[in-house]
Amino acid sequence: MSTRATALLRKPGQPERATLLELFFDLVFVFALNRVSHRLVEDLTERRVILADAGKTLLLLLAFLVLWFVTTWVTDLYDPQRSRIQLLVFAAMLGALMMAVAVPRAFGDGSLVFAGAYVAVHVTRGLVIVPALRGHEAQRRAAGVLLWFAMSAVPWLAGAILPDPARGLLWTLAIAIDCTAVLLFYPAPWTLPAPHQWPVLAEYLSERYRQFFIIALGELILTTGSAYSDTSFREGGAAAAFAVSFTTTVLLFRVYLFRAGRLLPAAITAASEPARLIREAFLAHVLMIAGTVAVAVGYELVIQHPFGRTDPAWILVILGGPMLFLAGRALVDHAVFARVSRSRLIGALVLAGAAPAMILLPPLAVAVTAVLVLTCIATSDTILAKRQPPERPSPPRFGS
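Residues numbered from 1 in each chain as written. Predicted model: local features only at pLDDT ≥ 70, side-chain atom pairs only at ≥ 80, totals over all residues. Heavy atoms only, no water.

**Brief notes about the overall build of the chain**
Formally: Counting from the N terminus, the helices are the DSSP runs of H or I reaching at least four residues and the strands are the DSSP runs of E reaching at least two. Between the two quantities, the radius of gyration covers C-alpha atoms and the globule rule is 2.2 Å times the number of residues to the power 0.38. Summary of the burial criterion: residues with accessible area below 20% of their type's maximum are buried, those above 50% are exposed, and those between are partly exposed, where the area comes from a 1.4 Å probe applied to protein chains only. Contact definition: two residues touch when any of their heavy atoms are within 4.5 Å. Counting rule for charge: Lys and Arg are taken as positive, Asp and Glu as negative, and neither His nor the chain ends is counted. Think of each charge as sitting on NZ of Lys, CZ of Arg, CG of Asp or CD of Glu.
Check the secondary structure of the chain and you find 16 helices and zero strands. Radius of gyration (C-alpha) of the chain: 22 Å, near the 21 Å computed for a compact globule of 400 residues. Viewed in the frame of its principal axes, the chain has a C-alpha envelope of about 70 × 55 × 35 Å. The buried share of the chain, reckoned over its 400 residues, is 55%. Long-range contacts, defined here as pairs at least 24 residues apart, represent 83% of the contacts in the chain between residues at least 6 apart. Each charge class in the chain can be summarised by its mean position, and for the 34 positive and 25 negative side chains these summaries are 6 Å apart.

Quick look at the structure:
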């Protein structure tokens, strides 16, 4: 077995904590998420949003999430102290930054910058890691990852060159390939079953998931703070909307951390197939982060326009954001306890049921409705914590 390849892999006993390099890498995503949310705010403000526009924004967001997740897998599987891995992280950081800069014009004259940076990060990573692992069984896994990204590179680059609607269709195919590959753990004819070739550092990956959710909350604070700073502080409606946005941020943090949020590392360790639990946790965090970005979009609109008529599209983000968050948070409960929290499901259903009537209320009242639902869930969590002793994780047994 190659000594050179072995040196590149993470060693047993190494600290399962994120390094300063990885936290540095995360900084780019505050800007990236802000660009994604700002793009949607502009569309909503100009009232030119249709389903296709929202789909385009979601597509860009998913591209950033895939890039972050795969880079996190790299620092989980390989030694982040090695200069080669550090350079790959810096390259991913630069690629994410270029993608973020291109977001406002990603479906226009910035398409080649966005798609080119995305493809370059993933393909370059594979071209560096696969040869470096020569002689080690981990090379098969790395080659499988490279194969999938080489496949998706074709529609990404072709879509960047062709105009809409071809661009939208090709990029939808590309992101579908990338998301499918993530969920299936990059299978290839030469790879082993996922549990045998994807080792899991429970504490490390759980911490990284939590850190990325904190990044999403940071983007929410940045977006709403910037929106409020652009208003007159004498405007009572804007001040009230800003207070509501801060309360929502605190509630999202509180609901996220309750029990299952803290026990995710222990659940992954106790799982019969940790890799599958990691996949479920990834899906949960995709929903929660998408929901938090939608909340940021909605609350920026509320701060700018607290009173007056509420556009139906605004309701989708003001209430839809918390609904997505609650759906993701319910999935975390399932990953940790093999059950779904009723309070999260009831909260999401209440928001969905209330949405049609919100057209009669001003935007600020719609936001207050979301806060009331989240407050009820947080209060329910507090009461439950006092009545029931702390639980041990009991993750689902896949295939049983």
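**A short note on the environment of Arg392**
The residue Arg392 is located in the segment after helix H16 (363–387) in this model. Along the primary structure Arg392 and Leu21 are separated by 371 residues, whereas in three dimensions their C-alpha atoms are 33 Å apart.

**Quick word on the packing of aromatic side chains**
Just so we agree on the cut-off: The pairing test for Phe, Tyr and Trp rings, Trp by its six-membered ring, is centres within 6.5 Å, and the orientation test on the planes gives stacked under 30 degrees, edge-to-face over 60, and tilted for anything in between. Working rule: Lys NZ or Arg CZ, within 6 Å of ring centre, within 35 degrees of ring normal, means a charge sits over the ring.
The tally for this structure, following the rule as stated, stands at 20 aromatic pairs. Centroid distance Trp156 to Trp171: 5.3 Å. Interplanar angle 50°. Geometry classified as tilted. Separated by 15 residues along the polypeptide, Trp156 in helix H6 (residues 138–161) and Trp171 in helix H7 (residues 166–184) bring together distant segments of the chain. Look at Trp171 and you get buried, because its relative accessible area is 0%. The ring of Phe107 carries the charged tip of Lys56 above its face, separated from the ring centre by 5.0 Å. Looking at Arg339, its charged tip hangs above the ring of Phe337, at a distance of 4.7 Å from the centre.

**Some points on a nonpolar patch on the surface**
Cut-off, in case you're wondering: Nonpolar side chains (Val, Leu, Ile, Met, Phe, Trp, Tyr) within 5 Å and like charges within 9 Å form the patches, drawn only from residues with over 30% relative accessible area and no salt bridge. The method behind every accessible area is Shrake-Rupley, applied with a 1.4 Å probe, and residues are considered shielded solely by the protein chains displayed. Salt-bridge detection follows one rule: a side-chain nitrogen of Lys or Arg within 4 Å of a carboxyl oxygen of Asp or Glu.
A cluster of nonpolar side chains, Phe31, Leu94, Leu97, Met98, Val101 and Val113, forms an exposed patch at the surface whose accessible area comes to about 490 Å². The element contributing the most residues to the nonpolar patch is helix H4 (residues 83–102), with four residues. One can find Leu97 in helix H4. Here Leu97 falls in the partly exposed class, since its relative accessible area comes to 37%.

**Examining the nonpolar core**
Note the cut-off: In these notes, a set of buried Ala, Val, Leu, Ile, Met, Phe, Trp, Tyr and Cys residues joined through side-chain atoms within 4.5 Å is what counts as a nonpolar core.
Counting 135 residues, the largest nonpolar core has Phe29, Tyr78, Phe114, Tyr118 and Trp156 as the members making the most contacts within it. Looking at this core, the element that brings in the most residues is helix H12 (residues 274–304), giving 18 residues. Setting aside its immediate chain neighbours within four residues, Tyr118 contacts Ala63, Val66, Leu67, Met99, Phe149, Trp156, Ile175 and Asp178.

**Brief notes about the side chain of Ser111**
Worth spelling out the cut-off: Definition of a polar contact: a pair of N or O atoms within 3.5 Å, with one able to donate and the other able to accept a hydrogen when the atoms are protein atoms, and with sequence-neighbouring residues admitted only if both atoms are side-chain atoms.
Structurally, Ser111 is set in helix H5 (residues 111–132). On the basis of relative accessible area, Ser111 is assigned to the buried category, the value being 4%. For Ser111, the side chain forms a polar contact with the main-chain oxygen of Gly108, separated by 3.2 Å. Those residues in contact with Ser111, other than ones at most four positions away along the chain, are Arg105, Ala106, Gly116, Ala160, Arg167 and Trp171.

**Re the confidence of the model for the chain**
We apply this condition: How sure the predictor is of each residue is captured by pLDDT, a score from 0 to 100.
Summarising the model, the chain shows a mean pLDDT of 88, and 94% of its residues fall at 70 or more. Across the chain, element-level confidence peaks in H5 with a mean pLDDT of 96 and bottoms out in helix H8 (residues 194–197) with 61.

**Focus on the packing of H7 against H12**
Note the cut-off: Under this scheme, a helix contributes an axis fitted over its contacting stretch, all axes are lines through C-alpha atoms, and angles between N-to-C directions fall in the 0 to 180 degree range. Here roughly perpendicular refers to angles of 65 to 115 degrees, roughly parallel to angles under 35, roughly antiparallel to angles over 145, and oblique to all remaining angles.
Orientation of H7 relative to H12, taken along the N-to-C sense of each, is 140°, at an axis distance of 9 Å. Taken together, the axes of H7 and H12 are oblique relative to one another. Mapping the contact onto sequence places Val182, Leu183 and Leu184 in H7 and Arg279, Phe282 and Leu283 in H12.

**Some points on the environment of Asp26**
Within the fold, Asp26 resides in helix H2 (residues 20–45). It is 8.2 Å that separates the C-alpha atoms of Asp26 and Trp68, two residues lying 42 residues apart in sequence. In this structure Asp26 touches Trp68, Arg208, Gln211 and Ile215, once residues within four positions along its chain are discounted.

**Details of unusual backbone geometry**
For the bond running from Asp164 to Pro165, omega is 5°, close enough to zero to count as cis. Of note, Pro165 is situated in the loop between H6 and H7. One non-glycine residue, Phe185, adopts positive backbone phi at about 65°. Assignment of secondary structure puts Phe185 in the loop between H7 and H8. Backbone geometry places Tyr186, a non-glycine residue, at a positive phi of 50°. Among the structural elements, Tyr186 can be located in the loop between H7 and H8.

**Observations concerning the pattern of salt bridges**
Taken as a whole and assessed by the stated rule, the structure comprises nine salt bridges. For the salt bridge of Asp311 with Arg309, the shortest nitrogen-to-oxygen distance reads 4.0 Å. Among the residues examined, Arg309 registers a relative accessible area of 52% and is labelled exposed.

**Side note on the side chain of Ser206**
Assignment of secondary structure puts Ser206 in helix H9 (residues 202–229). Among the residues examined, Ser206 registers a relative accessible area of 0% and is labelled buried. Those residues within four positions of Ser206 in sequence are excluded, and the remaining contacts are Leu264, Pro265 and Ile268.

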